[in-house]
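Inside the fold
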Amino acid sequence: MAGVTYDHVTKEFGNVIAVNDLDLQIADKEFLVFVGPSGCGKTTALRLLAGLEEITKGTIKIGNRVVNDVPPKDRDIAMVFQSYALYPHLTVYDNLAFGLKLRKTPKEEIKRRVGDAAEILGITEYLNRKPRQLSGGQRQRVAVGRAIVREPKVFLFDEPLSNLDAKLRVAMRSELSKLHYRLQTTFIYVTHDQTEAMTMATRIAVINKGLLLQLDTPQNLYDKPENMFVAGFIGSPAMNFFKGKLRKDGNSLLVDSGDFAVPIPGDRSKKLQNYVDHPIVFGIRPEDIFNPAFTPPGIHVENVEAKVDVTELMGNEIFLYLVSGPNTFIARVDPRTNFRIGEKVQVAFNMDNFHLFDPETELAIR
């Protein structure tokens, strides 16, 4: 088993910097997820590790071994692609065994590894079928199984669930998490789906425009985003942002958006005195905006008036799309809420869980 090190790695395609000075250590047996929007550089970072792209600058290590000039087949990694890349004319067994046969692995060893992988993934009964006889989820398991039989030091996954339907994606997320626990091997996973990242990762690397913006545990990314991009990318629906400034009102410190002003609880206002009269961006997640009638006890709340623009019933909750002056924002409220489109309503902001950002640097204000 082995960890992975990206030591100031850069990849340029002509004038385009796809990966920009990536400096990252991935621990042995970790499940690390690269997450970010399409075109941000996350897949390129994975392909550099796999040896499918050449590094422009920097060093990549697997364990203590520098692999910059090592051919992909000799890096002791296995990669699972978005397209299952199965051989349609071969049975499941032969698809799983193909790479081992190329390496002239003894037949008995091939049989053992294929049998173990099939049992782990629950595909033993499909070993004599062709890929066209399998469902999408079963094909994905075969693709994962082909990586498992290699018994590599590091598993690489490039958006492996994106071709599956929503229900199957949820099931496969759970299967991959259990597989990581069982194999006790380093997993590096690429996705644009922050839900996948949050549910599976031990740590998440958020990337945008080739830059690593934050590396942390899923909970810390959610609770303590270091910048506006991470705050807006992690969480669904996304965090609401309001431009405004901090101003004093007697002994109170308020966030003033122009259309509403909400006081900051005393314990936090003391730390923000240096930002009085400075422009800020106020952030609050939809789940921290309530119907006042169903506000949980023991938290600081402030009511804000807004007009209901759209309502979406999700079964266990309602998404309210609200308008306050030029600001539009989303609230996740109790399904018993009876707000109608077009009416003006009061919603409660949880002022224990707000975020502030510098509008110029977009960095969090602590």
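Anyway, here's the lowdown on the structure attached to this text. This structure is a prediction, so every number in the text was calculated from the model and none was measured.

**Section: the sheet that holds strand S11 (residues 240–249)**
Read from one edge to the other, the open sheet built from five strands follows the order S13-S12-S11-S14-S20, with strand pairing classed as antiparallel. Two strands lie at the open edges of the sheet, namely strand S13 (261–263) and strand S20 (355–357), each paired on one side alone. Ignoring strand direction, the axes of neighbouring strands in this sheet form an average angle of 40 degrees. Across three bridges, strand S12 (residues 252–256) lies against S13 in antiparallel orientation. Note on S13: the bridge partner recorded for Leu-254 is Pro-263.

**Some remarks on the environment of Leu-32**
Mapped onto the elements of the fold, Leu-32 is located in strand S3 (residues 31–35). Judged by relative accessible area, Leu-32 falls into the buried class, the value being 0%. Counting along the chain gives 334 residues from Leu-32 to Arg-366, while the straight-line C-alpha distance between them is 27 Å.

**A short note on the packing of helix H4 (residues 136–148) against helix H5 (residues 166–183)**
In a packed pair of helices, the relevant descriptors are the angle between the two axes and the axis-to-axis distance. In the contact formed by H4 and H5, the axes pass within 11 Å of each other and the chain directions differ by 20 degrees. Taken together, the axes of H4 and H5 are roughly parallel relative to one another. In the crossing of H4 with H5, the sense of the turn from one axis to the other is right-handed. For the pair formed by H4 and H5, the contact residues are Gly-136, Gly-137, Gln-140, Arg-141, Val-144 and Ile-148 on the first element and Leu-168, Met-172, Glu-175, Leu-176, Leu-179 and Leu-183 on the second. Partitioning the contact of H4 with H5 into residue classes produces seven nonpolar, three polar and two charged.

**Let's talk about the pattern of salt bridges**
Within the structure shown, the criterion is met by 14 salt bridges. Between Lys-178 and Glu-175 there is a salt bridge, with its nearest N and O atoms 3.5 Å apart. Placement of both Lys-178 and Glu-175 in helix H5 is noted, with a separation of three residues, approximately one turn of the helix. Residue Glu-175 is classed as partly exposed on the basis of its relative accessible area of 27%.

**Some thoughts on the pairing of strand S9 (residues 203–208)**
S9 sits mainly inside the fold: five of its six residues count as buried. As judged from the four bridges shared by S3 and S9, these two strands associate in the parallel manner. If you follow Val-33 over to S9, its bridge partner there is Ile-204. As paired strands, S9 and strand S10 (residues 211–216) are joined by five bridges and run antiparallel to one another. In the strand pairing of S10, Asn-208 is matched with Leu-211. Connecting S9 to the next strand, S10, in antiparallel fashion are two residues, including Lys-209 with a positive phi near 50 degrees.

**Description of unusual backbone geometry**
With an omega of -5 degrees, the peptide bond running from Ser-236 to Pro-237 counts as cis. For Pro-237, the location among the structural elements is in the loop between helix H8 (228–233) and S11. We note that Asp-76 has phi near 60 degrees; this positive angle belongs to a residue other than glycine. Residue position: Asp-76 is located in the loop between strand S5 (65–66) and strand S6 (77–80). Look at Asp-76 and you get partly exposed, because its relative accessible area is 29%.

Procedures and definitions
- Residues numbered from 1 in each chain as written.
- Predicted model: local features only at pLDDT ≥ 70, side-chain atom pairs only at ≥ 80, totals over all residues.
- Heavy atoms only, no water.
- Pairing = 2+ DSSP bridges.
- Helix = DSSP H or I, 4+ residues; strand = E, 2+ residues; numbered from the N terminus.
- Axes fitted to C-alpha atoms, helices over the stretch in contact; angles between N-to-C directions.
- Buried < 20%, exposed > 50% of the residue type's maximum accessible area, 1.4 Å probe, protein only.
- Parallel < 35°, antiparallel > 145°, perpendicular 65-115°, else oblique.
- Left-handed = near helix turned anticlockwise from the far one by under 90°.
- Contact = heavy atoms within 4.5 Å.
- Nonpolar A, V, L, I, M, F, W, Y, C, P; charged D, E, K, R; others polar.
- Salt bridge = Lys/Arg side-chain N within 4 Å of Asp/Glu carboxyl O.

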